[in-house]
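# A structural walkthrough
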Amino acid sequence: MMLIELAAPCYLCGKEAVVDGLCNTCYDEQHPLMEVSTPIALLACKKCGSVKVPGGWKKIYIGNMNAEELAEAQIDIVLEQELKLFYKGLTISLEEVNKLDRVTHLIVTATGKSHENLPPHDEEHPVEIRFRYGTCDTCGMMSGGYYEAILQMRADGRQLSDDEKKEFTERVTEMTVARYKSDDKAFVSLIDDNKFGIDYYIGSEHLAKDIADHFEGRYIAERKENFSLVGEDKTGKKKYRITILLRLPRFSIGDFVLVSEQPCQVLAMGTSNLTCFNLIRRERFTINPRNPKWKTLDFLAPLTERREFMVVTHVFGQPVQIMDSLNFDVTEVDESVFDSKITSGAKIHGLFVEDQLYILPDQAFIEIKEN
Ligand SMILES: [Zn+2]
Ligand SMILES: [Zn+2]
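Residues numbered from 1 in each chain as written. Chains lettered and ligands numbered in written order. Predicted model: local features only at pLDDT ≥ 70, side-chain atom pairs only at ≥ 80, totals over all residues. Heavy atoms only, no water.

### What about a nonpolar patch on the surface?
Taken together, the side chains of Leu-85, Ile-92 and Leu-94 make up a nonpolar region of the molecular surface, amounting to roughly 220 Å² of accessible area. Inspection of the secondary structure puts Leu-94 in strand S6 (residues 91-99). (Patch = residues over 30% accessible without salt bridge, like charges linked within 9 Å, V, L, I, M, F, W, Y side chains within 5 Å. Areas by Shrake-Rupley, 256 points an atom, 1.4 Å probe, with all protein chains shown as cover. Salt bridge = Lys/Arg side-chain N within 4 Å of Asp/Glu carboxyl O. Helix = DSSP H or I, 4+ residues; strand = E, 2+ residues; numbered from the N terminus.)

### Brief notes about the coordination of the zinc ion (ligand 1)
The zinc ion (ligand 1) binds to the protein through Cys-10 (SG), Cys-13 (SG), Cys-23 (SG) and Cys-26 (SG), with metal-donor distances spanning 2.2 to 2.4 Å. The site at the zinc ion (ligand 1) holds 4 donor atoms, and with the angles between them running 102 to 117°, its shape is tetrahedral. Along the chain, the residues that donate to the zinc ion (ligand 1) are spaced as C-x2-C-x9-C-x2-C. Taking relative accessible area as the criterion, Cys-13 reaches 39% and is therefore assigned partly exposed. (Donors = N, O, S within 2.8 Å, 3.2 Å for Na, K, Ca; no water. Tetrahedral: all angles 85-135°; square planar, octahedral: opposite > 155°, others 65-115°. Buried < 20%, exposed > 50% of the residue type's maximum accessible area, 1.4 Å probe, protein only.)

### Brief notes about unusual backbone geometry
Here the amide bond leading from Thr-38 into Pro-39 is cis, since omega sits at 0°, within 30 degrees of zero. The topology assignment puts Pro-39 in the loop between strand S1 (34-35) and strand S2 (40-45). Phi at Glu-261 takes a positive value of approximately 65°, unusual for a residue other than glycine. Within the fold, Glu-261 resides in the loop between strand S14 (256-259) and strand S15 (262-270). Since its relative accessible area comes to 72%, Glu-261 is described here as exposed. At Asp-355, a residue that is not glycine, the phi angle is positive and equals roughly 65°. Assignment of secondary structure puts Asp-355 in the loop between strand S22 (347-353) and strand S23 (356-359). Owing to a relative accessible area of 77%, Asp-355 belongs among the exposed residues under this scheme.

### Quick look at the pattern of salt bridges
In this structure the tally under the stated criterion is 15 salt bridges. Notably, a salt bridge pairs Asp-184 with Lys-59, separated by 3.8 Å at the nearest N-O pair. Of this pair, Asp-184 sits in the loop between helix H4 (162-179) and strand S10 (188-193) while Lys-59 sits in the loop between strand S4 (56-58) and helix H2 (67-82), placing them 125 residues apart in sequence. In this structure, a network of salt bridges that share partners links the residues Asp-213, Glu-216, Arg-223 and Glu-225.

### Quick notes on the coordination of the zinc ion (ligand 2)
Tetrahedral coordination by four donors puts the ideal angle at the metal at 109.5 degrees, and octahedral coordination by six puts it at 90 or 180 degrees. Protein coordination at the zinc ion (ligand 2) comes from Cys-45 (SG), Cys-48 (SG), Cys-136 (SG) and Cys-139 (SG), with a distance range of 2.2 to 2.3 Å. Given 4 donor atoms and angles of 107 to 112° at the metal, the environment of the zinc ion (ligand 2) is assigned as tetrahedral. Sequence spacing of the donors to the zinc ion (ligand 2): C-x2-C-x87-C-x2-C. Judged by relative accessible area, Cys-48 falls into the buried class, the value being 11%.

### So, the packing of aromatic side chains
Applying the stated criterion across every chain yields a total of 7 aromatic pairs. Centre to centre, the rings of Phe-131 and Tyr-133 are 6.2 Å apart; their planes meet at 15°, and the pair counts as stacked. Ring geometry for Phe-215 versus Tyr-219: centroids 5.7 Å apart, planes at 50°, classification tilted. Residue Phe-215 and its partner Tyr-219 are both found in helix H5 (residues 205-219); the two are separated by 4 residues, about one turn of the helix. For Phe-215, a relative accessible area of 0% corresponds to the buried category. Grouped by ring-pair contacts, the aromatic residues Phe-168, Phe-215 and Tyr-219 constitute a single cluster. Its guanidinium or amino end placed over the ring of Tyr-180, Lys-59 lies 4.7 Å from that ring's centre, counting from NZ or CZ. (Phe/Tyr/Trp six-rings, centres within 6.5 Å; stacked < 30°, edge-to-face > 60°. Lys NZ or Arg CZ within 6 Å of the ring centre and 35° of its normal.)

### Considerations on the packing of H4 against H5
Where H4 contacts H5, the axes come no closer than 11 Å and their chain directions differ by 140°. The orientation of H4 relative to H5 falls into the category oblique. Where H4 crosses over H5, the handedness of that crossing is right-handed. Where H4 abuts H5, its residues Glu-167, Phe-168, Arg-171, Val-172, Met-175, Thr-176 and Arg-179 lie against His-206, Leu-207, Asp-210, Ile-211, His-214, Phe-215, Arg-218 and Tyr-219. (Axes fitted to C-alpha atoms, helices over the stretch in contact; angles between N-to-C directions. Parallel < 35°, antiparallel > 145°, perpendicular 65-115°, else oblique. Left-handed = near helix turned anticlockwise from the far one by under 90°. Contact = heavy atoms within 4.5 Å.)

Shown next, in the form of structure tokens:
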């Protein structure tokens, strides 16, 4: 006897049933891949393009986007909130069908399987997006001049150079941009370049402290924090604003300092320590504020005090003759003070300290700093 299994017909349309008593088409219709409501209201910040989402604003790095690309990015954000996907592994594609001033009509297509035994299919949903424009929290605070912290950059016994100020501003900008998406207050309301130094009015106290930590270590700066009462919040809790003052040392890379009364050149500054070259002992060393010798650290001379010389003659075992490039005075120095091979015509540098000439180490690190 032969058993012939007859497929039952689809109870909706009568075609051959495939899954759960339904044909392929009817099953797909009864089991949509996704759901989306329409129309969708999209509230965007007119200044920065952020999109309102539940609980806040979602930021967008606009970069070189044109208006159309920005609108697409904004639509992606609301759709991410609004689309309900019922199956894993779906592919979503968007097609713009009509665009008016503030209304965009799209076809959202989901591609995938509604059942493992059925082939993938496309499911189309027309969606209308209605744009509205406002001001996001960040732009609102920024235009209101909001700030929680002032970061004041100063230098000990000298003015900050324009290069230093430029470097600080670049770093402040980098660190602020890096925090842009995660901190609504990551902005700088005001940069005040004044006769004392440069001040940054920063929206987020947290960001200001992180920038201060970075600068403190990077420049071995002295730090002072002050709080001033700015009012009370709704619950009567006192609100303070922090001022962080960072005072850079008088010297910077290439300058000359005294450490335990010995002349040294600053080779590098960073992560809370100073690398110097001792001009008497002719050796490198590092020192940090926890080292007892740090207290003996004193400014000696700026980099501009160094002199350039040319090696005139050198006979092995005899003093080396060098000529001052400015006044052509010829001086003899012991060959032991040279760290590298001595060649006639080579340019070297030296520093006079109380009539004593010290030959400086290779000055290439200065050029690196200047570039
Ligand atoms: Zn059917
Ligand atoms: Zn905004």
